[in-house]
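Reading the structure
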Amino acid sequence: MNIPPTDAIRVPAESMRGLVAALLEQVGVTEENRLLLAELLVRNDLRGVFSHGSRQVATYARDLRAGKLNPRPTPSVVSESPALLHLDGDGGLGYFASYRLAQSLAIKARSIGVAVGVTRNHGHFGAAGIYSRIAVTANLFGYVTSGHQLLLEPGQSILTAAGGSPHSFGVPAGQASPLVLDFGAIHDVGAGDPHADEIYALAPALVFRHLGLGAVCQSIGGFLGGVPARSERANRRWSGANQGSFMVFVDIKRFLPLEDFKREMDDYVAQFLTLRPVPGYDQALLPGAIEAQREQAYAVEGIPVGPRHRDALSAVARELGVAVPWSNA
């Protein structure tokens, strides 16, 4: 879970966007792509999704500098029909092909009711919620997942077969915040997680459900996205281009008038707020609501950037000769 740090300094969103863009410029990313990626990463920071926010650029910049990924990719169409789109990411970061796919699927789904798409041949695509939110903004339902290259060996924990296991579902609402569920299915129960054995002992069925969700990611987000089950079958020019993605967008108004649906969602949220919260929490909120609250607050107060976050960005900034906005903090 992304818990805001208690020992953070506040950094304006615009300053963080500038830092991310400057780092990407040093490793050869085009202006259009670095501005897009800076916006997407910092928007995650604003929502409190720090695990998939600006901190990620440290890894991306090093991978691009090392030649693991194409710094200037040109995503291209592999195949297309009125309801389908398959894009090749040209060995770049996954954001560029995946963002283009989500935008295109929104247009297709509004036109004919449903659209399905796959991306292949790219690196990390970030938080799956980036793309389900594109569906929500277009008043569509969205589902997004991704798979990456596994390196399974006999004797490893079965949980390693679940991969990164990202899933996101997006459902629009009216006046209430949209429902955006964005999670890694295997987090907290995966191999190496500190409480995995304890959780398995207490609730083995929960672990198996998470494993199953992870297998879905690999099947439709990985194999459909050109990521083979065995790495020796991979044929890659860019070693870091080891991921794919899968998305489905559906036009809600094909089943129910949109305003009727939004009214039901708003009523559902209103009822939800009257319920007793999970023990240890003071609010009963649907997924996506806490992110909306944080985004509104952090836009004014600045992004809370904790020591580990600052250290990660400061280190890569020193390597690339870029100034950080908290140098005098």
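Residues numbered from 1 in each chain as written. Predicted model: local features only at pLDDT ≥ 70, side-chain atom pairs only at ≥ 80, totals over all residues. Heavy atoms only, no water.

**Overview of the overall build of the chain**
A tally of helices and strands in the chain yields ten helices and nine strands. What you see for the chain is a C-alpha radius of gyration of 20 Å, in line with the 20 Å of a compact globule of 329 residues. Out of the 329 residues in the chain, the part that is buried amounts to 47%. Restricting to contacts in the chain with at least 6 residues of sequence separation, those with at least 24 account for 72%. (Helix = DSSP H or I, 4+ residues; strand = E, 2+ residues; numbered from the N terminus. Rg over C-alpha atoms; globule rule 2.2 N^0.38 Å. Buried < 20%, exposed > 50% of the residue type's maximum accessible area, 1.4 Å probe, protein only. Contact = heavy atoms within 4.5 Å.)

**A word on the environment of Asp7**
You can see Asp7 is positioned in the segment before β1 (9-11). For Asp7, a relative accessible area of 47% translates into the label partly exposed. Distance in space between the C-alpha atoms of Asp7 and Gly306 is 5.9 Å, their sequence separation being 299 residues. Dropping the residues within four chain positions of it, Asp7 is found in contact with Gly306, Pro307 and Arg310.

**Some thoughts on the nonpolar core**
Ranked by size, the top nonpolar core spans 56 residues in total, and within it Met16, Tyr95, Tyr131 and Phe249 carry the most contacts. For Tyr95, the residues in contact, after removing those within four places along its chain, are Leu37, Leu40, Leu41, Tyr60, His124, Phe125, Gly126, Ile130 and Tyr131. Counting residues in each nonpolar core, the second largest holds seven residues, with Ala173, Ala176, Met265 and Leu286 among its members. (Core = buried A, V, L, I, M, F, W, Y, C linked by side-chain atoms within 4.5 Å.)

**Concerning the pairing of strand β4 (residues 114-122)**
Bridge analysis of strand β3 (residues 84-88) against β4 gives five bridges, and the strand direction is parallel. Paired with His86 across the bridge in β4 is Val118. Tracing the backbone out of β3, into helix α4 (residues 94-112) and back to the parallel element β4 gives a crossover that is right-handed. In this structure, β4 lies alongside strand β8 (residues 243-251), joined through seven bridges in antiparallel fashion. (Pairing = 2+ DSSP bridges. Right-handed = clockwise from strand over helix to strand, strands pointing away.)

**Here we look at the environment of Leu211**
Counting through the fold element by element, Leu211 comes out in helix α7 (residues 204-223). Taking the relative accessible area as the measure of exposure, Leu211 reaches 13% and is therefore buried. Separated by 49 residues in the primary sequence, Leu211 and Ala162 have C-alpha atoms spaced 5.6 Å apart. Setting aside chain neighbours within four positions, we find Leu211 in contact with Ile158, Leu159, Ala162 and Ile186.

**Some thoughts on helix α8 (residues 258-273)**
Its 16 residues place the ends of α8 23 Å apart at the C-alpha level, agreeing with the 22 Å of an ideal helix rising 1.5 Å per residue. Along α8, the residues that are buried comprise Leu258, Lys262, Met265 and Val269. Viewed end-on, α8 has its buried residues packed into an arc of 60°, placing them on one side of the element. In this fold, the buried residues of α8 make contact with β6 (166-171) and β7 (179-184). (Expected span 1.5 Å × (residues − 1). Arc of directions from axis to C-beta.)

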